[in-house]
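Given next are the chains, with one letter for each unit.
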Amino acid sequence: MRRFLALGDSYTIGDGVSADERWPVQLAARLRSLGWMVADPDIIARTGWTTDKLWAAMDELRPTGPYDLISLLIGVNNQYRGQPATEYRVQFAALLERAIGLAGGQSGRVLVLSIPDWSVTPFAAERDGAAIAAEIEAFNTVNAEETRRRHARYLNVTPISRLAHAEPG
């Protein structure tokens, strides 16, 4: 049975959705439907977590590898709290290195997801959406560069997240 570890924040834990609607749970189910023997994911994620909070949780929970698949989606709360992208780069790179270690040193087993753009959500209605989107882009530039540098896999989900703006509500 292949092991899957999902690391992140509210996007990973699925704040506001049932456990079976969390994207890591849906991914594992989809992989099983395609014939892959994948266990339910271990999820280390909480709403509000920044990169340093995820690091601390990993220290506390001490996940043990090797995992066959590790996802990493973190940074929206760093951006939301006004933390600089330079600080995010250092902390994100350290988390990515740690994820690669938990994948047995095989960077191809690590999947980094871009940060969705929350500027299109009702939560951002009273805020400067263009500024939020620009900051999200800056953070995603960082995580994409660090992912490429380490030869991990990258999935840009930001464009599809922006379609929420077009949905009737």
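Our subject in this report is the structure included herewith. Along each chain, residues carry numbers from 1 onward, in the same order as the chain's sequence is written. Side-chain atom pairs in this predicted model are given and counted only at pLDDT of 80 or more, local residue features only at pLDDT of at least 70, and totals for whole chains, interfaces and linings cover all residues. Excluded from the side-chain calculations are hydrogens and water; all other atoms, namely the structure's heavy atoms, are used.

Further remarks concern the sheet that holds strand 3 (residues 69-73). Any two strands between which DSSP finds at least two bridges are classified as paired. A run of H or I in DSSP becomes a helix once it reaches four residues, and a run of E becomes a strand once it reaches two; helices and strands are each numbered from the N terminus. Spatially, five strands are ordered 2-1-3-4-5 in an open sheet, and the strand pairing comes out parallel. Both outer strands of the open sheet, strand 2 (42-45) and strand 5 (153-155), are each paired with one neighbouring strand and no more. Each neighbouring strand pair of the sheet contributes to a mean axis angle of 15 degrees, computed without reference to strand direction. Bridge count between strand 1 (residues 4-8) and strand 3: five bridges; the pairing is parallel. Residue Gly8 lies in a different strand from strand 3, and its bridge partner there is Leu73. Taken strand by strand, helix 2 (residues 23-33) contacts strand 1, strand 2, strand 3 and strand 4 (110-113), and its axis lies near 155 degrees from that of strand 1. Here helix 6 (residues 129-149) sits on the sheet in contact with strand 4 and strand 5, set at roughly 155 degrees to strand 5. Working convention: axes come from line fits to C-alpha atoms, limited for helices to the stretch in contact. Angles between N-to-C directions cover 0 to 180 degrees. Note on definitions: a residue-residue contact is assigned when non-hydrogen atoms from the two residues lie within 4.5 Å.

Here we take up unusual backbone geometry. Backbone torsion omega between Gly65 and Pro66 reads 0 degrees, so that peptide bond is classified as cis. Of note in this structure, Arg62 is not a glycine but carries a positive phi near 50 degrees. The phi torsion at His151 lies on the positive side, around 60 degrees, for a residue other than glycine. Relative to the helices and strands, His151 resides in the loop between helix 6 and strand 5.

On to the nonpolar core, then. What is meant by a nonpolar core is a set of buried Ala, Val, Leu, Ile, Met, Phe, Trp, Tyr and Cys residues, joined one to another through side-chain atoms within 4.5 Å. Whether a residue is buried, partly exposed or exposed follows from its accessible area with a 1.4 Å probe, protein chains only, as a fraction of its type maximum: under 20%, in between, or over 50%, in that order. Core analysis: the biggest nonpolar cluster contains 30 residues, and Leu7, Ile44, Leu54, Ile70, Leu72, Leu96 and Val110 have the highest contact counts within it. Sorting the residues of this core by element identifies strand 1, helix 3 (51-61), strand 3, helix 5 (85-102), strand 4 and helix 6 as the ones contributing at least two each. The dominant element in this core, judged by the number of residues it contributes, is helix 5, at seven residues. When residues no more than four places from it in sequence are discounted, the contact partners of Leu7 are Thr12, Ile44, Leu54, Met58, Ile70, Ser71, Leu72, Leu73 and Ala99. In terms of nonpolar packing, the next biggest core, distinct from the first, is built from five residues, Phe4, Ala6, Leu31 and Val38 among them.

Moving on: the packing of helix 5 against helix 6. Across the interface, helix 5 lies against helix 6 with an axial gap of 10 Å and an inter-helix angle of 35 degrees. Between helix 5 and helix 6 lies a crossing whose hand is right-handed. Where helix 5 abuts helix 6, its residues Ala85, Tyr88, Arg89, Phe92, Ala93 and Leu96 lie against Phe139, Val142, Asn143, Glu145, Glu146, Thr147 and Arg149. Its residues assigned to classes, the contact of helix 5 with helix 6 shows seven nonpolar, two polar and four charged. The handedness criterion is simple: a crossing whose near helix is rotated anticlockwise from the far helix by less than a right angle is left-handed, and one whose near helix is rotated clockwise is right-handed. Side-chain classes follow a simple rule in which Ala, Val, Leu, Ile, Met, Phe, Trp, Tyr, Cys and Pro form the nonpolar group, Asp, Glu, Lys and Arg form the charged group, and the remainder, Gly included, forms the polar group.

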